Amino acid sequence: MTDTPRNWFMIRLSAMGDVALTTGVLDWWGKQRGFRFTVCTRAEWTPLFDGHPAVDEVVAVTREQTKGLAWPVTARKLARQFKGQGLLDLHGVLRSRILAAFWQGPVRRYPKYSLDRRRYLRTGSQAARERLLRHNVPQRYCLALESSAPPRTELLPRIFPTDQEKVEAARVLAEISSPERPLVALHPFATHPDKAWPEERWPQLAQRLEDAGFDWFVLGRGEPLPGLAGHPRDLTNRSNLRLSCALLDAARVLVTGDSGPMHLAGGVATPVVALFGPTDPAWGFYPAGPADHVLETDLDCRPCSLHGKRPCTRGRECLAALSV
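Residues numbered from 1 in each chain as written. Predicted model: local features only at pLDDT ≥ 70, side-chain atom pairs only at ≥ 80, totals over all residues. Heavy atoms only, no water.

1. A few points about the nonpolar core
Ranked by internal contacts, the top residues of the largest apolar core, which has 59 residues, are Trp 29, Phe 37, Leu 48, Leu 88, Phe 217 and Leu 264. Looking at this core element by element, the count peaks at six residues for helix H11 (residues 241-250). Residues in contact with Leu 88, not counting those within four places in the same chain, are Trp 8, Phe 9, Met 10, Ile 11, Trp 29, Phe 37, Arg 108, Ala 144 and Leu 145. Counting 19 residues, the second-largest nonpolar core is a separate cluster that includes Trp 197, Trp 202, Trp 216 and Val 255. (Core = buried A, V, L, I, M, F, W, Y, C linked by side-chain atoms within 4.5 Å. Buried < 20%, exposed > 50% of the residue type's maximum accessible area, 1.4 Å probe, protein only. Helix = DSSP H or I, 4+ residues; strand = E, 2+ residues; numbered from the N terminus. Contact = heavy atoms within 4.5 Å.)

2. Points about unusual backbone geometry
Going from Ser 14 to Ala 15, the amide bond is cis rather than trans, its omega being -10 degrees. Note on placement: Ala 15 falls in the loop between strand S1 (7-11) and helix H1 (16-20). A cis geometry characterises the amide bond from Arg 302 onward to Pro 303, with omega recorded as -10 degrees. Looking at the secondary structure, you find Pro 303 in the loop between strand S10 (293-295) and helix H13 (317-320). One non-glycine residue, Tyr 113, lies in positive phi territory at about 55 degrees.

3. Some remarks on the packing of helix H6 (residues 114-123) against helix H7 (residues 126-133)
Running from N to C, H6 and H7 point in directions that differ by 135 degrees, and their axes come no closer than 8 Å. The angle between H6 and H7 places the two elements in the oblique class. The two elements H6 and H7 cross, and the hand of that crossing is left-handed. Judged by residue contacts, Asp 116, Arg 117, Arg 119 and Tyr 120 of H6 engage Gln 126, Ala 128, Arg 129, Arg 131 and Leu 132 from H7. Here the residues of the contact of H6 with H7 are counted per class, giving three nonpolar, one polar and five charged. (Axes fitted to C-alpha atoms, helices over the stretch in contact; angles between N-to-C directions. Parallel < 35°, antiparallel > 145°, perpendicular 65-115°, else oblique. Left-handed = near helix turned anticlockwise from the far one by under 90°. Nonpolar A, V, L, I, M, F, W, Y, C, P; charged D, E, K, R; others polar.)

4. Concerning H7
Within H7, the full set of buried residues consists of Ala 128, Arg 129 and Leu 132. Along H7, the residues classed as buried sweep out an arc of 100 degrees about the axis, all on the same side. As for H7, its buried residues are in contact with H6 and helix H8 (137-142). (Arc of directions from axis to C-beta.)

5. Focus: the sheet that holds strand S6 (residues 183-187)
Spatially, S7-S6-S8-S9-S10 is the arrangement adopted by the five strands of the open sheet, whose pairing is parallel. In this open sheet, the two strands that pair with only one neighbour each are strand S7 (215-218) and S10. Across the sheet, the axes of successive neighbouring strands diverge by a mean angle of 20 degrees, strand direction being ignored. Sheet topology places strand S9 (residues 272-275) next to S10; three bridges connect them, and they run parallel. In the sheet register, Leu 275 faces S10, and the bridge partner there is Leu 295. (Pairing = 2+ DSSP bridges.)

6. Quick word on the sheet that holds strand S5 (residues 107-109)
Taken together, five strands build an open sheet; the order of strands is S3-S2-S1-S4-S5 and the sheet is parallel. Edge positions in the open sheet fall to strand S3 (55-61) and S5, since each of these has one partner strand only. In this sheet, neighbouring strand axes are inclined to one another by 20 degrees on average, regardless of whether the strands run parallel or antiparallel. Of the strands in this sheet, S1, strand S2 (36-42), S3 and strand S4 (86-89) are in contact with helix H2 (residues 22-33), which crosses S2 at around 170 degrees.

7. A look at the packing of H11 against helix H12 (residues 260-267)
At their nearest, the axes of H11 and H12 sit 9 Å apart, and the two run at 60 degrees to each other. One element, H11, and the other, H12, form an angle in the oblique class. When the axes of H11 and H12 are compared, the crossing they make is right-handed. For the pair H11 and H12, contact is made by Leu 241, Cys 245 and Leu 248 and by Pro 261, Leu 264 and Ala 265, respectively.

Shape is all these values report; function is a separate question.
Below you can see the structure in the form of structure tokens.
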């Protein structure tokens, strides 16, 4: 594109995993096209971009700033402050469209394939599914500025823990693990309950790993699981976002459900074993690393929702069928 500016204001407000998936795309654009970025996201996700080589500035917005009439005021200020940059809308919601209405410069959006997603979810249309499977979410992001998307492996998330953060992670892990034993990270939490592997399986998995000569630790935020709560290796609610990335960087592999930390692990090139239930590869969120592995059960009721919000009437059979 001859009229493509070099500097872009990228907006992606939530959720953590979706924001993490932008990091590899921005890195690719920085390397391939020399683009520079100002990133606008929720305050809690700004640490994802610390040390990112293509990001010059991160603008944090609070939830109060995005609510009701407060957002048009904030959007107008942002449009004035960053006049001259292109607007790269990688969210595609009403808030980002309001920002675009104030923007003085080029605006580019990514294809969300909303119609195909609805058709496949509601009717099981295989034609819609095939169209969705052509591009995962990072590739769809990339289509905001490209006529064709590069391979998935070129757009893997990129997160950059500092040496100090790695030292802190090593200090934490030295108290609960041995450098002679392979280290496995476990993330048992899910934003929506019906995306979670049965909670009694996690202590069973931890014991099997230990019996097989592996060390393990639990990370994430949530209510500590029965059977793991109070264990020295249970680091639930004990690490911030940056330390979590450094801990994942130290692990040999992460076992998790369909979650944001799945993409954090990808960002530090730690392989993932991902347990998928109600969601589907057509949505574009499956891990794409060369050593990543997805475990899932082929049931005629899958997918039952886009994000796993819909309550299951079959006892989460899709996840319960995945054995330790």
